[in-house]
Amino acid sequence: MGMYRSILVDDEELARNRLKKLLFQVDSVDLIAEADNPFTCIELIGELNPDLLFLDIQMPGLNGFELIQQIPSNILPLIIFVTAYDQYALRAFESLAIDYLLKPVKLSQLQNSVSKLESLENRFLKHRENLPTSQRQSNPLTGYIKRFVLKMGKKWIIIEEPEVDLFFTEDKYCYLRSKGIDSIVNFTLQELEEKLDPSTFIRVHRSTIIAYKSIKSFRSLGSARFEIELIDGYKVISSRYYSHVLKKYLVG
Amino acid sequence: MQNILGYLKQMRYAIMVILLVIIASTTLAFYNLKQFEEFSTFNLQREGILLSHILSASIVSREDLENTSGLQARIDRFTTSSESNIKFIELNIMLLEGDGSIIVASNEPGNIEETSEEEHENLLSSLKYGKPVVFIGVEEDNDEDDENDAHPISDKSASFGGFQKEKRFLSVTTPLIFDGKGLGSINTKLSLDPVDEKTGLIRLSLQIATIIEIVMVLAGFAILVKLFMDEKVNLLTEESMRYLAELKALQAQINPHFLFNTLNSLASLISASPERAENLTIEVSELFRKILGASRKGWWTLGEELELIRNYLNIESVRLGKNLKFSISSSQPLDTIFIPCLVIEPLVENAILHGINTSVLGGKIVIDIKGDTDLVVIVEDILTIDENYPLSEASKGENIGIKNVCKRLNLVYGNAAELNLTTHQEGAIAVITIKNIRSFKYGNV
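Since we're looking at a predicted model, the values are computed, not measured.

Peer 1: Looking at this structure, I do not really get the overall build of chain A. What am I missing?
Peer 2: Tallying secondary structure elements over chain A gives seven helices and 15 strands in all. Buried positions account for 55% of the 252 residues belonging to chain A. At a minimum sequence separation of 6, the contacts of chain A that also span at least 24 residues come to 54%. For chain A, the exposed area adds up to about 11,400 Å²; of that, 49% sits on carbon and sulfur atoms.

Given below as structure tokens:
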């Protein structure tokens, strides 16, 4: 049995110290990093691609559920929630967490969670390393994404869904445009298509998803293709493949 | 006659207690039943999602899907696994082919190449959203239509008297997606009806509840008779009522997050710094003792309220470390001004929950008591903002604490008191103003 390369995130130092102390006593957990805020945690997951995340729920800036939504599914680790009170238990399991621990955590409970993970793996996931990353964990059932957490230089910003005009890919990167500014997001367009509310956004092209509210005009180019102009002047030609949804929208 | 009426009057609390016991134990019995159902549904739902999710993960490649016998073996291993306490109704793997779909492996080989409309629909919608589709449904037990004659006796009992049982089930359809292309799905259907031994458990708990009910009613009568003879009825009810009121006040006042986070800090400090753990324990006991006292008194001095707030903030400082700074100052006399208990503390708690806790670097709470003939209480949170990190989304409509303070101020002082809360980008400021504070006599809250 391999070790679980793990990360923990909690904004309280004493809570981190206690969990660290307990985790050192669990053989199959290798704690490779810790974060004292959710933003650092997002960054660490991107850099280290850990197997397991011990996640606090109430944190400044972003809560645990909001944090999970920001992680692309191909690097989303397995999740064990660690929190002070049980009001979020159901929501936690809906997000496909392995377990939900209550503070102060007992060592035996922590060991149980990890051995539960091990036995699941023994029975079903014998070759974790060989699995294509997309199969490691399917999308958590946390509902449509409403906010985007982005890093611009050293600064983290949060863009709310209504402020987004469009998403597009260029040179292998996926960009979000809001108020005329483009910033890189870590998701692929396909993943965004799953995460975005279909009543607010529409995919019009292999490389473009636009918000309905930012559409200014349409011009038919024949053979089920349209030129769409957005409020900020951006023009995109829709592909035939996506035209049926657009037509439905145009008809009302 | 006069005497009997008098006795009845004295007995009224005891009668109330007996009625309460009856109501409570009946509720308990029904609650047990309901909770058990919720618990089993919840657990099964969780395990069902997890299992189908794991089964889909155990299919490593597209090629695996073509190896029908391998998939069948995998499914057999799942359904016969003794570790799982899940009762599978159905478990199968469906592949989408052209315009229709077929099952390639199933726990009931008879099902192969025969898909229901419902399964087909779930398959399509799970592929559309790329996520598992979960739902709980009810189906009629149609054992009598079953062509399988292997169990004629059970068939008879199921259709006896034309009575049809309903079976609840949970269905989970997990899409199989390779290289962005949906190939099919894994479907699990689990029975949500409790297994026999557990039904037995419910019956047992109902019986126990009934027995407890009878015993308690009898005990209630016995106590009533005894007290009636000892003429202690009034004494007991007053004391126990007060005790209950205190407990209720403590419960209402202690936020569970606060309680468990504090206990967690304590657990962390006990080995790391026994001295700090000891100090924290003392702070917590003082806080709880003051809250209990508050419920008894109703009113106390401004100084007592500020001491309780200092207690609370000392405890939160242990948890939040350098993220919480605070100052408390007053130009009003602390011992001669009386206020309703716990009327300022909720503002401080609010400043932590909706202020300090939203910033990665925390902030400072400033409490200042001012005024001349009026009493002016200012509770301000000034956030320390790291320009690299955004604040939490402002949580709206959760200021229950503030609303309660408003209500209480209005009840006690009417129009003479007001509470203003102003939030801005770097914090919030709450101000209570009570006009001509010394004209109010304390005593009735």
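Peer 1: Where do I start with the confidence of the model for chain A in this structure?
Peer 2: A low pLDDT score tells you not to read the predicted coordinates there in detail. On average, chain A scores 86 in pLDDT, and the residues at 70 or more come to 91%. Across residues 130–141 of chain A, where pLDDT falls below 50, the model places 40 contacts with residues more than four positions away in sequence or in other chains.

Peer 1: So what exactly am I meant to see when it comes to the sheet that holds strand β5 (residues 99–102) of chain A here?
Peer 2: Pairing between the strands of a sheet comes from backbone hydrogen bonds, and it takes one of two forms, parallel or antiparallel. Residues and elements named next belong to chain A. Read from one edge to the other, the open sheet built from five strands follows the order β2-β1-β3-β4-β5, with strand pairing classed as parallel. Looking at which strands have only one partner, the edges of the open sheet turn out to be β2 (29–35) and β5. Taken over all neighbouring pairs, the strand axes of this sheet differ in orientation by 25° on average, direction set aside. Two strands pair when backbone bridges link them, and strand β1 (residues 4–9) and strand β3 (residues 52–55) are joined in this way by four bridges, in the parallel orientation. Paired with V9 across the bridge in β3 is L55. Most of the contacts of helix α1 (residues 13–23) go to β2, to which it runs at about 165°, and overall it touches β1, β2, β3 and β4 (78–83). On top of the sheet, helix α2 (residues 38–48) reaches β1, β2 and β3; it is set at about 135° to β2, its chief contact.

Peer 1: I tried to follow a nonpolar patch on the surface on my own but got confused; where do I start?
Peer 2: All names here are of chain B. Nonpolar side chains collect at one region of the surface, where I15, L19, I22 and I23 lie side by side and expose about 330 Å² of accessible area between them. Along the chain, the position of I15 falls in helix α1 (residues 2–58). For I15, a relative accessible area of 36% gives the class partly exposed.

Peer 1: What should I look at first to understand the nonpolar core in this one?
Peer 2: As a rule of thumb, soluble globular proteins bury nonpolar side chains together. Ranked by internal contacts, the top residues of the largest apolar core, which has 53 residues, are L313, I344, I367, L375 and L409 of chain B. Residue contacts for L409 of chain B: discarding those within four places in its chain leaves V343, G414, A417, L419, I432 and I434 of chain B. Counting residues in hydrophobic clusters, the runner-up holds 32 residues, among them L67, L76, A92 and F93 of chain A.

Peer 1: Looking at this model, I keep getting lost on the packing of helix α10 (residues 302–320) of chain B against helix α11 (residues 345–353) of chain B. Mind explaining?
Peer 2: All names here are of chain B. As a packed pair, α10 and α11 sit with axes 10 Å apart at the nearest point and diverge in direction by 20°. With respect to their mutual orientation, α10 and α11 come out roughly parallel. Read as a crossing pair, α10 and α11 show a hand that is right-handed. Here α10 contributes E305, L308, I309, Y312, L313, E316, R319 and L320 to the contact with α11, which in turn contributes E345, V348, E349 and I352. Along the lines of polarity and charge, the residues of the contact of α10 with α11 split into seven nonpolar, no polar and five charged.

Peer 1: Looking at this model, I keep getting lost on the environment of I328 of chain B. Mind explaining?
Peer 2: Residue and element names in this part refer to chain B. Inspection of the secondary structure puts I328 in strand β7 (residues 324–330). C-alpha separation for the pair I328 and E307, spaced 21 residues apart in sequence, amounts to 9.7 Å. Look past the residues within four positions of I328 in its chain and what remains in contact with it is L306, I309, R310 and I367.

Peer 1: Explanation requested: the packing of aromatic side chains in the structure shown.
Peer 2: Two descriptors summarise a pair of aromatic rings, namely the distance from one centre to the other and the angle between the planes of the rings. Across all of its chains, the model carries 13 aromatic pairs over all chains by this definition. Seen in terms of ring centroids, Y241 of chain A and Y242 of chain A are 4.9 Å apart; in terms of plane orientation they differ by 90°. Their pairing is edge-to-face. An aromatic cluster of at least three residues, connected via ring pairs, comprises F39 and W156 of chain A together with Y389 of chain B.

Peer 1: I would appreciate a short explanation of the sheet that holds strand β10 (residues 181–185) of chain A in the present structure.
Peer 2: Residue and element names in this part refer to chain A. Pairing within the open sheet is antiparallel, and its five strands lie in the order β10-β9-β8-β12-β11. Each edge of the open sheet carries a strand with a single partner, namely β10 and β11 (201–205). Taking each pair of neighbouring strands and ignoring which way they run, the sheet shows an average axis angle of 30°.

Peer 1: For this particular structure, what's the right way to read the packing of α1 of chain A against helix α8 (residues 256–272) of chain B?
Peer 2: Relative placement of two packed helices is described by the angle separating their axes and the distance separating the axes. Put simply, α1 of chain A and α8 of chain B touch, their axes get as near as 8 Å, and they point 65° apart. In this structure, the crossing between α1 of chain A and α8 of chain B has a hand that is left-handed. Mapping the contact onto sequence places L14, A15, N17, R18 and K21 of chain A in α1 of chain A and N264, S265, A267, S268, L269 and S271 of chain B in α8 of chain B. Of the residues in the contact of α1 of chain A with α8 of chain B, the class split is four nonpolar, five polar and two charged.

Peer 1: Any chance you could explain the environment of V105 of chain A here in plain terms?
Peer 2: Its place among the elements puts V105 of chain A in the loop between β5 and α5 (107–124). With a relative accessible area of 4%, V105 of chain A lands in the buried category. With 83 residues separating them in the primary sequence, V105 of chain A and L22 of chain A have C-alpha atoms 8.6 Å apart. Excluding residues within four positions of it along the chain, V105 of chain A makes contact with R18, L22, V82 and L110 of chain A together with N264 of chain B.

Peer 1: Is there a simple way to explain the pattern of salt bridges in this structure?
Peer 2: When charged atoms on two side chains of opposite charge get close, those side chains can pair. All names here are of chain A. Counted according to the given criterion, the structure contains 20 salt bridges over all chains. Two residues, K146 and E161, come together in a salt bridge whose shortest N-O distance is 3.6 Å. With K146 in the loop between α5 and β6 (147–152) and E161 in the loop between β7 (155–160) and β8 (166–170), this residue pair connects regions lying 15 residues apart in the sequence. Taking the shortest distance from any N to any O, the salt bridge between E227 and R219 comes out at 3.4 Å. Residue classification places E227 among the buried positions, given a relative accessible area of 17%. One connected set of salt bridges, linked through shared partners, spans D10, D56 and K103.

Peer 1: Help me understand the environment of N122 of chain B in this model?
Peer 2: Residue and element names in this part refer to chain B. The residue N122 is located in helix α4 (residues 117–129) in this model. Residue class for N122 comes out buried when judged on its relative accessible area of 9%. Distance from N122 to T173, taken between C-alpha atoms, is 6.4 Å for residues 51 residues apart in sequence. In this structure, N122 is in contact with V133, F135, S171 and T173, ignoring residues within four places of it in sequence.

Peer 1: How should the pairing of strand β9 (residues 173–178) of chain A be read in this particular structure?
Peer 2: Regular strands place side chains that alternate from one sheet face to the opposite one. Residues and elements named next belong to chain A. Pairing analysis gives five bridges linking β8 to β9, with the strands arranged antiparallel. Looking at β9, one finds that E170 is bridged to Y173. Between β8 and β9, which pair antiparallel and follow one another directly, the connecting turn spans two residues, one of which, D171, has a positive phi of 50°. Both β9 and β10 contribute to a ladder of five bridges, which runs antiparallel. When the sheet's bridge partners are listed, L176 is paired in β10 with S183.

What counts, and where the lines are drawn
Residues numbered from 1 in each chain as written. Chains lettered and ligands numbered in written order. Predicted model: local features only at pLDDT ≥ 70, side-chain atom pairs only at ≥ 80, totals over all residues. Heavy atoms only, no water. Helix = DSSP H or I, 4+ residues; strand = E, 2+ residues; numbered from the N terminus. Buried < 20%, exposed > 50% of the residue type's maximum accessible area, 1.4 Å probe, protein only. Contact = heavy atoms within 4.5 Å. Areas by Shrake-Rupley, 256 points an atom, 1.4 Å probe, with all protein chains shown as cover. pLDDT = per-residue confidence, 0-100. Pairing = 2+ DSSP bridges. Axes fitted to C-alpha atoms, helices over the stretch in contact; angles between N-to-C directions. Patch = residues over 30% accessible without salt bridge, like charges linked within 9 Å, V, L, I, M, F, W, Y side chains within 5 Å. Salt bridge = Lys/Arg side-chain N within 4 Å of Asp/Glu carboxyl O. Core = buried A, V, L, I, M, F, W, Y, C linked by side-chain atoms within 4.5 Å. Parallel < 35°, antiparallel > 145°, perpendicular 65-115°, else oblique. Left-handed = near helix turned anticlockwise from the far one by under 90°. Nonpolar A, V, L, I, M, F, W, Y, C, P; charged D, E, K, R; others polar. Phe/Tyr/Trp six-rings, centres within 6.5 Å; stacked < 30°, edge-to-face > 60°.

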